[in-house]
Amino acid sequence: MTGLVAAVLAVPLVLATLLAVPGRLRAAATALAPWAALPAVALAVPAVLSIHVSDAPQTRLDLPWLLLGSTFGIDDTGSVFLLLTGLLWLLAGLYARAYLATDAARTRYFAYHLFTLAGNLGVVLAHDVVSFYLSFLVMTLAAFGLIIHRGTTAARRASLVYLVMAVAAEGLLLFGFVVTAHEIGGVGLPALLPAGQGHDVGGNASLMLLLGFGVKAGLPLLHMWLPLAHPVAPTPASAVLSGAMIKAGLLGWLRFLPLGEGAEPLLGTSMVIAGLVAAFYGAVLGVTQRQPKALLAYSSVSQMGFLTVAVGAALALPEVWPAARTAVLVFAFHHAMTKGALFLGVGIVQRQERWRQRLLPLVGMAFAGAVLTGLPFTGGALAKSLLKNALHPLAEQVSWASPLPFLVTLAAAGTGLLMLRLLALLLRRAEEEEEEPAPSRATAGMWLPWLGSLAAVAAGPVLLASLLGVPLYGFDDLAVSGGSASGEGIAIEGVAKAWELLWPALLAAAAYPVLLRGAVPELPAGDVLVPLERVTVRLAAATAARTSRVAGALERLRTSWNAQRRRLGSGQWLPSLERNLMRWDSAGVLLLLLGALLTAVLMGGRDGS
Amino acid sequence: MNWSFWLPLLVLASSLVTGLAIFPLPARRSNLRNTLNMCGASIKVVLVAVIAWGTVHGIDYETRLPLLPDYDLVLAVEPVSLLFASLSAVLWFFTTIYAIGYLRDSPNLSRFFGFFSLCVTAAVGVSLAGNLLTFVVFYELLTLTTYPLVVHRGTPEAVSAGRTYLVYTLVGGTLLLLAALWLYAIAGPVDFVSGGVLTHHAEGRPWELRALFLLLIAGLGVKAALVPLHGWLPRAMIAPAPVSALLHAVAVVKAGAFGIMRVIFDVFGVRLSSELGMSGALTVLAATTIILGSLMALLQDDLKRRLAYSTVSQLSYILLGIAMLGPLGTIGGLVHLVHQGLMKITLFFAAGNLSETLEVHRVSEMDGVARRMPLTMAAFTLAALGMIGLPPVAGFVSKWYLGLGALEQGAGWILWVLVASSLLNAGYFLPIIYRAWFRAPQRSVAPVHDRLEASWLLILPTMATAFMALAAGMFANASLSPLTLARQIVTEMYR
């Protein structure tokens, strides 16, 4: 198993290196690149199957010579993230092979694909702060290459916005990481240490970690890069960005924040509010989008809002954590697969030129959309029920939080609205789509990975939940069994519950025609970024003007000082001294003289003492 | 007569003799000159390796020559000096290769390489100096031997920059000399001793010692480019690329930083330095320099000027680590002495490659240069990421330990300075990387496939130092890494 851990990280890195070697090796590496996530899946599947089953020591790979002493390994949380990451990257890699079949720069694409993948897997497997930092960074920087791939003006703008936000986030994370390492007196990850052993890294560092990872996870106001990057990136890249990479931010929170300690009520509360804002904000802004992939990006902001609420609740109230952990794992897996399927599906729909050819993929999209909305008997319903149940302790104990479960349900109506809008956008003719003139129709190479992702959407969350010990076919009272007393609960259940799942979708369906008639305004992707950019440009121009004024003043000062000096006559003898000094023999004599002078001074100094 | 006496002298002689032998050579004997150069450089690396091996195995190397009555010229090999000496020897080796390739057809090469060798002799002398007098002698020698290198081109700008350089460094040298005499008056002829030599003389005269401390820092701060004293450094970048590389990575600026290190640890000692309250002031000064240097770098379009201001900023990382006066901070400062050298020399080599091969000198001209010179820009990118402080390149290790050191001393604000500096570094390095790799070239330059992008004499050193910068961070925890050595030194120091 240790060897497999090494292989998970080494395979993408080795393949990426081989891509740099022209000739037969490059050809072989390009052929293998789509499969690079296979070892990750191979490691993740048995690990997920044995979750909670035994207390056997987790697989660990110790590399004491690497960095400041690295440890990689797999634990329960990590195994779920590894499965969702590996599976999505594998599907996206296979999809990309067909999607980019006629792209001249596909080797370059796969190079960035492999590095981003290696970083993403490293984030999941890292068991120490420095390896986590390195992996997160490799993922972040390599993803820049995926976003800028097309090289269009929009792609450049999006990738620059992404880079600026990501680098700022790295600064915050550096602060958080160093404080963490200081507080726990080593480089282990707080979440992997035995309970009570320095989980709490202090409010300041927690805030920095929250915001730093929040850029990846799309916290409101830190989300601006998402709707810009997703439409311009090649579709398989959008799928992994929105499905897997966005979860790396979530995993960062799980690994570093003092969850279940109750140490940060204020921060936790703020996080819950931020998550709720994101859930609604993403839905509202998403509806105003014209590009399907920008809409999906806003949907990701909205869905990550649900996860943010759960993590924030666990930060605020320790009792929430055990149930919230299960909910977060199931929800993360569900969202990764569903969002991946939606993105891959958009790519297929857009490559079908005729309206009729679009119908079949649209059925699949409708299914994925229904799952994301959380219609009864879907993985989405399961994930949202688990989430709401996990929030109950908070809603009962804290007065302001009592409408929380209702608000979470209401936000699902927003998701439904978004999905309806998405289907409507996809039904239209391709006139204003960002896709380049489609080089070819969607081939089997694209269809098969997409169908695979739909299968994972249908079956995955339920299987995962059952492995995590969630009773699936019970009613309310049956849920109280063993460790899940806090309400790890009921998912697919009676009619009353079904109604609770159904009304948001019905609300969305009812609201949609009204909305359409009201002529939805079109807002630019990136919303608040647009005015922000304008202000920044103006500020930069003003600063530049001021700087040049200061520089001018300094220059004038220098000129007048030089003139002054010349007038005093001191400038006259210096140049000739220079000329003489430049001859190396005179410099040598000077050297000797200086030596003599030194000697003399020292003698004098000694006599004086 | 024994080896422990002669070896330190031989280390100096390996470059001194080379230099003296090169001076009289006529310009056309380039083969002989290059052979001499490479022999000298190789011998020095071997000798330093032998000394390092011996030191690890418990042999004390010390050369003591009577210079003045009561006052000896002392070359002593201690772990700290070994760290600096190995850096000088290894980087000199690569810079010599680079300089041979870079200056192939330029005039006055005997003068150049003669002073080049003397300059390294002085740098190694600074590193091995066993007392303040010896230190001052080599420190001044360094000033005088680098001046001809700075003005080598002989253009008006070079001469003017050289003048600035001389004025700054000679004034600094004079202050240092004064301080050395003052120290002599207080404590008599004393060697550097770990823990400080002034502890016994501290009673009742704190202000005198504070003034002495300030004088020493002012004298050394010129070469270490502390902020109001840094003006010479950005102007001196007019020198040929190999000189800038050596100047910025080892020879001159490091001599200043290394001197401040010796003053704090081996003249005043950690305890006295903190009792006098001077370290706090130095910390603030270093932090200011870090931020101001980066801000200035942000405004430069000339590539070498941008790199020069980056040096101003990065050097103060070393001082910051030392001034914190805690073990972790000291590790950060010490290790950055090596790491900054590896990364900065790579950046200057790469800048030299660009100007030699493509005549690209400005950041705004760098669009798409990576297509024409992928190896050079790969090395540049690696080193620049290291400068920002990103893992796995060496600079990250320095920053990590400086950050831990700041928290250890309860000075969380320093961590913010480091974060701000990282962001500023990203602000002036990432646009360069973006231009080079992701923008279309302004002039159409065909990539070369059939041969190397430039002479191997230029490419090999660039790649080698970039690789070392990567390895120093990637394998920071391995034995023999700079970090491991710095940890051992600091363990001894704070025992």
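How each quantity is defined
Residues numbered from 1 in each chain as written. Chains lettered and ligands numbered in written order. Predicted model: local features only at pLDDT ≥ 70, side-chain atom pairs only at ≥ 80, totals over all residues. Helix = DSSP H or I, 4+ residues; strand = E, 2+ residues; numbered from the N terminus. Buried ≥ 20, exposed ≤ 12 C-beta atoms within 10 Å, placed from the backbone. Contact = placed C-beta atoms within 7 Å. Axes fitted to C-alpha atoms, helices over the stretch in contact; angles between N-to-C directions. Left-handed = near helix turned anticlockwise from the far one by under 90°. Nonpolar A, V, L, I, M, F, W, Y, C, P; charged D, E, K, R; others polar. Pairing = 2+ DSSP bridges. pLDDT = per-residue confidence, 0-100. Parallel < 35°, antiparallel > 145°, perpendicular 65-115°, else oblique. Expected span 1.5 Å × (residues − 1).

A.B. asks: I'm lost on the overall build of chain B in this one. Help?
C.D. replies: Secondary structure assignment for chain B yields 20 helices and 2 strands. Taken along the three principal axes of its C-alpha coordinates, chain B extends 70 × 55 × 45 Å. Scored against the burial criterion, the 495 residues of chain B give a buried share of 62%. Across chain B, the fraction of contacts at a sequence separation of at least 24, relative to all contacts at a separation of at least 6, is 81%.

A.B. asks: Sorry, what's going on with the overall build of chain A here?
C.D. replies: From N to C terminus, chain A includes 21 helices and 2 strands. Sequence separation of at least 24 residues holds for 78% of the intrachain contacts in chain A that already meet a minimum separation of 6.

A.B. asks: Where do I start with the packing of helix H14 (residues 327-357) of chain B against helix H16 (residues 374-388) of chain B in this structure?
C.D. replies: Relative placement of two packed helices is described by the angle separating their axes and the distance separating the axes. Residue and element names in this part refer to chain B. Running from N to C, H14 and H16 cross one another at 145°; their axes reach a closest spacing of 9 Å. By crossing handedness, the relation of H14 to H16 is classed as left-handed. Of the residues in H16, those touching H14 at Met343, Thr346, Leu347, Ala350, Asn353 and Leu354 are Thr376, Ala379, Phe380, Ala383, Ala384, Gly386 and Met387. Considering only residue class, the contact of H14 with H16 consists of 9 nonpolar, 4 polar and no charged.

A.B. asks: What's the story with the interface of chain B and chain A in this structure? I'm lost.
C.D. replies: Many structure descriptions define interface size as the accessible area lost when the parts assemble. The partner chain A presents 38 residues to the 39 residues of chain B that form the contact. Secondary structure elements with two or more residues in the side of chain B that touches chain A: helix H4 (109-128), helix H5 (132-150), helix H6 (156-187), helix H17 (394-408) and helix H18 (412-438) of chain B. Here the side of chain B that touches chain A gets 7 residues from one element, more than from any other, and that element is H18 of chain B. Looking at the side of chain B that touches chain A, its residues break down into 30 nonpolar, 5 polar and 4 charged.

A.B. asks: Help me out: how do you make sense of the environment of leucine 334 of chain B in this one?
C.D. replies: Mapped onto the elements of the fold, leucine 334 of chain B is located in helix H14. Separated by 139 residues in sequence, leucine 334 of chain B and glycine 195 of chain B place their C-alpha atoms 16 Å apart.

A.B. asks: Please explain helix H9 (residues 241-249) of chain B as it appears in this structure.
C.D. replies: Counting along an α-helix, one turn takes 3.6 residues, and residues three or four places apart therefore face a common direction. With 9 of its 9 residues buried, H9 of chain B lies for the most part within the structure. Of the residues making up H9 of chain B, those classed as buried are Ala241, Pro242, Val243, Ser244, Ala245, Leu246, Leu247, His248 and Ala249 of chain B.

A.B. asks: Help me understand unusual backbone geometry in this model?
C.D. replies: Across residues other than glycine, the phi torsion is negative in most instances, and most of the peptide bonds are trans. Residues and elements named next belong to chain B. Between proline 391 and proline 392 the backbone carries a cis peptide bond, its omega angle lying at 5°. Even without a glycine there, the phi angle at glutamate 359 is positive, about 55°. Among the structural elements, glutamate 359 can be located in the loop between H14 and helix H15 (369-372). The backbone of leucine 480 sits at a positive phi, close to 75°, despite the residue not being glycine. Among the structural elements, leucine 480 can be located in the loop between helix H19 (456-474) and helix H20 (482-493). With 10 C-beta atoms packed within 10 Å, leucine 480 lands in the exposed category.

A.B. asks: Whenever I open this one, the environment of serine 421 of chain B confuses me. Can you help?
C.D. replies: All names here are of chain B. With respect to the helices, strands and loops of the structure, serine 421 is situated in helix H18. Counting along the chain gives 51 residues from serine 421 to alanine 472, while the straight-line C-alpha distance between them is 21 Å. Beyond its immediate chain neighbours, meaning those up to four positions away, serine 421 contacts Ile290, Ile291, Ser294 and Ser313.

A.B. asks: What exactly am I supposed to notice about the pairing of strand E2 (residues 70-73) of chain A here?
C.D. replies: Regular strands have side chains that alternate between both faces of the sheet. All names here are of chain A. As paired strands, strand E1 (residues 60-63) and E2 are joined by 4 bridges and run antiparallel to one another. Counterpart to leucine 61 in the pairing with E2 is phenylalanine 72. In sequence, E1 turns back onto E2 through a hairpin of 6 residues, with leucine 67 there showing a positive phi of about 50°.

A.B. asks: I tried to follow the confidence of the model for chain A on my own but got confused; where do I start?
C.D. replies: Of the residues in chain A, 85% have a pLDDT of 70 or more, and the chain-wide mean is 81. Low pLDDT, under 50, characterises residues 474-493 of chain A; the stretch is placed with 50 contacts to residues that sit more than four places away or in other chains.

A.B. asks: I keep staring at the pairing of strand E1 (residues 62-68) of chain B and nothing clicks. Help me out?
C.D. replies: All names here are of chain B. For E1 and strand E2 (residues 71-76), the ladder comprises 6 bridges, and the chain directions are antiparallel. By the bridge assignment, threonine 63 is partnered in E2 with leucine 75. Counting the residues between successive antiparallel strands, the hairpin from E1 to E2 contains 2 residues, one of them, aspartate 70, with a positive phi of roughly 70°.

A.B. asks: Help me understand the environment of serine 313 of chain B in this model?
C.D. replies: All names here are of chain B. By secondary structure assignment, the location of serine 313 is in helix H13 (residues 303-323). When the 25 C-beta atoms within 10 Å are taken as the criterion, serine 313 is described as buried. With residues up to four places along the chain from it excluded, the contact list for serine 313 reads Thr289, Ile290, Gly293, Ser294, Ala297 and Ser421.

A.B. asks: Looking at this structure, I do not really get the packing of helix H1 (residues 2-19) of chain A against helix H5 (residues 106-125) of chain A. What am I missing?
C.D. replies: Residue and element names in this part refer to chain A. Closest axis-to-axis distance for the H1/H5 pair is 9 Å, and the angle between their directions is 160°. On the basis of the axis angle, H1 is roughly antiparallel to H5. Of the two possible hands of crossing, H1 and H5 adopt the one that is left-handed. Seen from H1, the contacting residues are Val5, Val8, Leu9, Pro12, Leu13, Leu15, Ala16 and Leu19; seen from H5, they are Thr107, Phe110, Ala111, Leu114, Phe115, Leu117, Ala118, Leu121, Gly122 and Leu125. For the contact of H1 with H5, the residue count by class is 16 nonpolar, 2 polar and no charged.

A.B. asks: Can you help me understand helix H8 (residues 203-217) of chain A in this one?
C.D. replies: Residue and element names in this part refer to chain A. The terminal C-alpha atoms of H8, which comprises 15 residues, lie 20 Å apart, in line with the 21 Å expected from a rise of 1.5 Å per residue. Most of H8 is tucked away: 11 of the 15 residues are buried. All of the buried residues in H8 are Ala205, Ser206, Met208, Leu209, Leu210, Gly212, Phe213, Gly214, Val215, Lys216 and Ala217. Looking at the buried positions of H8, the neighbouring elements they touch are helix H7 (153-183), helix H10 (235-256), helix H11 (265-287) and helix H12 (292-316). Following H8 by one or two positions, glycine 218 has its phi on the positive side, about 75°.

A.B. asks: Sorry, what's going on with the confidence of the model for chain B here?
C.D. replies: Caution is warranted with low-pLDDT regions, since their predicted coordinates should not be read in detail. For chain B, per-residue confidence averages 88 on the pLDDT scale, and residues scoring 70 or more make up 98% of the total. Scored by ipTM, the complex comes to 0.91, with pTM at 0.88.

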